[in-house]
Amino acid sequence: MARADSSRVAMRWLKERTAGTTPAEPMTNVRFVSEALAHTKETVVSAEIRDDRQVPDIVEVGTSAGGDISVEMQFKEYDQFFEGVLQGTFVTETYTGAGIAGDVFFEGDPYNRIHTPKDKFPNLKVGMYLKAGGATNTGNNSYFKVTAITRNTNNKDVFTVDGPLTEEDSSTATIIHSSLRNGTTKNSFTLEKEFKDVARFFSFTGMVLSRMAMDLRSRQIATAVFSFMGRQGASAAATVGTGAAVAAGAQDIMNASHNVGSIQEGGAALATGLQQITYTVENNLREQSEVGTKNVTGMGSGRFVATGRMTAYFENANLFTKFLNHTKSSLHFRLVDTDGDRYFFDFPHVKFTADPVQARGNDQDVMEEIDWQALLDVDTGITMQISKFTASN
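None of the values given here were measured: they were computed from a predicted structure.

## Focus on helix α1 (residues 79-86)
For α1, the tally of buried residues reaches 8 of 8 residues, placing the bulk of the element in the interior. Where α1 is concerned, the buried positions are D79, Q80, F81, F82, E83, G84, V85 and L86. Once α1 ends, the next one or two residues include Q87, with phi positive near 55 degrees.

## Description of the side chain of S64
Here S64 lies in strand β5 (residues 58-72). S64 gets classed as buried once you look at its relative accessible area, which sits at 10%. A polar contact is formed between the side chain of S64 and the side chain of E287, at a distance of 3.3 Å. Beyond its immediate sequence surroundings of up to four residues, S64 is in contact with A38, H39, T40, G230, R231, Q232, E287 and V296.

## Some words on unusual backbone geometry
Following D109, the chain continues to P110 via a peptide bond in cis, the omega torsion being 5 degrees. Position of P110 relative to the elements: it lies in the loop between β7 (104-107) and β8 (113-117). Of note, the amide linkage connecting G163 to P164 takes the cis form, showing an omega dihedral of -5 degrees. Mapped onto the elements, P164 comes out in the loop between β11 (156-161) and β12 (168-170). One non-glycine residue with positive phi stands out, namely D119, at about 70 degrees. As for its placement among the helices and strands, D119 is situated in the loop between β8 and β9 (129-133). Residue H326 is not a glycine yet carries a positive backbone phi of 55 degrees. Inspection of the secondary structure assignment puts H326 in the loop between α2 (318-325) and β24 (329-336). Take H326: its relative accessible area is 48%, and that puts it in the partly exposed class.

## Looking at the pattern of salt bridges
Inspection of the entire model under this criterion finds 17 salt bridges. Its salt-bridge partner being D52, residue R50 comes within 2.7 Å of it at the nearest N-O pair. A relative accessible area of 36% means that R50 is categorised as partly exposed. Owing to a relative accessible area of 29%, D52 belongs among the partly exposed residues under this scheme. E265 serves as the salt-bridge partner of K322, at 2.8 Å between the closest nitrogen and oxygen. One end of the pair, K322, is in helix α2; the other, E265, is in strand β18 (residues 260-265), and 57 residues separate them in sequence. Classification of E265 by relative accessible area gives buried; the value is 9%. One network of salt bridges, in which partners are shared, links R309, R360, E369 and D371.

## Things to note about the environment of V55
As for its placement among the helices and strands, V55 is situated in the loop between β4 (38-45) and β5. When the C-alpha positions of V55 and L14 are compared, they lie 43 Å apart, and in sequence the two are 41 residues distant.

## Let's talk about the pairing of β24
Burial runs high along β24: 8 of the 8 residues are buried. What you see with β24 is no split at all: S329, L331, F333 and L335 on one side and S330, H332, R334 and V336 on the other are buried throughout. Looking at chain direction, β18 and β24 are connected through 4 bridges and run antiparallel. Bridging across to β24, I263 finds its partner in F333.

Cut-offs used in this document
Residues numbered from 1 in each chain as written. Predicted model: local features only at pLDDT ≥ 70, side-chain atom pairs only at ≥ 80, totals over all residues. Heavy atoms only, no water. Buried < 20%, exposed > 50% of the residue type's maximum accessible area, 1.4 Å probe, protein only. Helix = DSSP H or I, 4+ residues; strand = E, 2+ residues; numbered from the N terminus. Polar contact = N/O pair within 3.5 Å; in protein donor to acceptor, adjacent residues only side chain to side chain. Contact = heavy atoms within 4.5 Å. Salt bridge = Lys/Arg side-chain N within 4 Å of Asp/Glu carboxyl O. Pairing = 2+ DSSP bridges.

Here it is, written out as structure tokens:
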């Protein structure tokens, strides 16, 4: 009889339209390094008193599902999980000049504004990033943060960016943005793992992202853990998906040595060297149960809480002073793969909650282990934002 081997396991996902119900669609394979998904039950031991001292029964009173999927970061592979944990959707808008002079106008320093025909970017907001390409002046072909927006001025929308720009009247430039912000719309998934050598499938329905933790550590692969809470698990001899599963992506694995781009703190490049940066986002989910069924009937969302830690070489008192004075700051970092595809991670309002600076023994570096929490940013109305750009657009 065959025995299951961990190197013969496939993991799949499918977004649900109705929580707990698997759509009649193909599932999609996902790359992973480990998983801890399980069906769980809640039981109550009978309190009956017997004269022979024995326990008469243990009663099943509830079931649920949950667990983690651990991954190595790759571009696009986990966008659906990013959307799930932020309870939002990536919004992408693109405009390419129609060959008309002045269709896209770059207004140079000190104004640093990009003019486009009106209503091409209705979802672009202050604090989001855009990418410009196809401009004659190569300095205008870059990534810019939007700092102000004026709409419908002479049939143009005007986006002030962090620049610098060089004045250019372009008829063919392309402007694109793609952003995900924390929101309030829960997404649920059906997850499935197949043990191929024993032809067995375990499926889990109504799975909602409860937590995500990302770890960028020097000389290591960039990793993430996605944690789920759901309704129930099941075992079968066939997939719950309809038709052949869609193949997983084939992007390069990202690491913290070559693929971490700009790291900014307080709106400026961070001069202090980092050994590690981590962050965790938590949705504070809670199971909802009802009389008449043992299954979870809903999933409530609590507050969106984002926390993290920077392990920095102690070089000066700049970060410690911000901790000491409880100064508002911000964090921004990028992951860029070998093809040039990239993510921007933004926390526009953070405060440092701990910063011990200690000599913990001989022959070692003195490090600052700076704990931080992201908070509501009143200028953008968000706590966290993820932007993504492919090298080809």
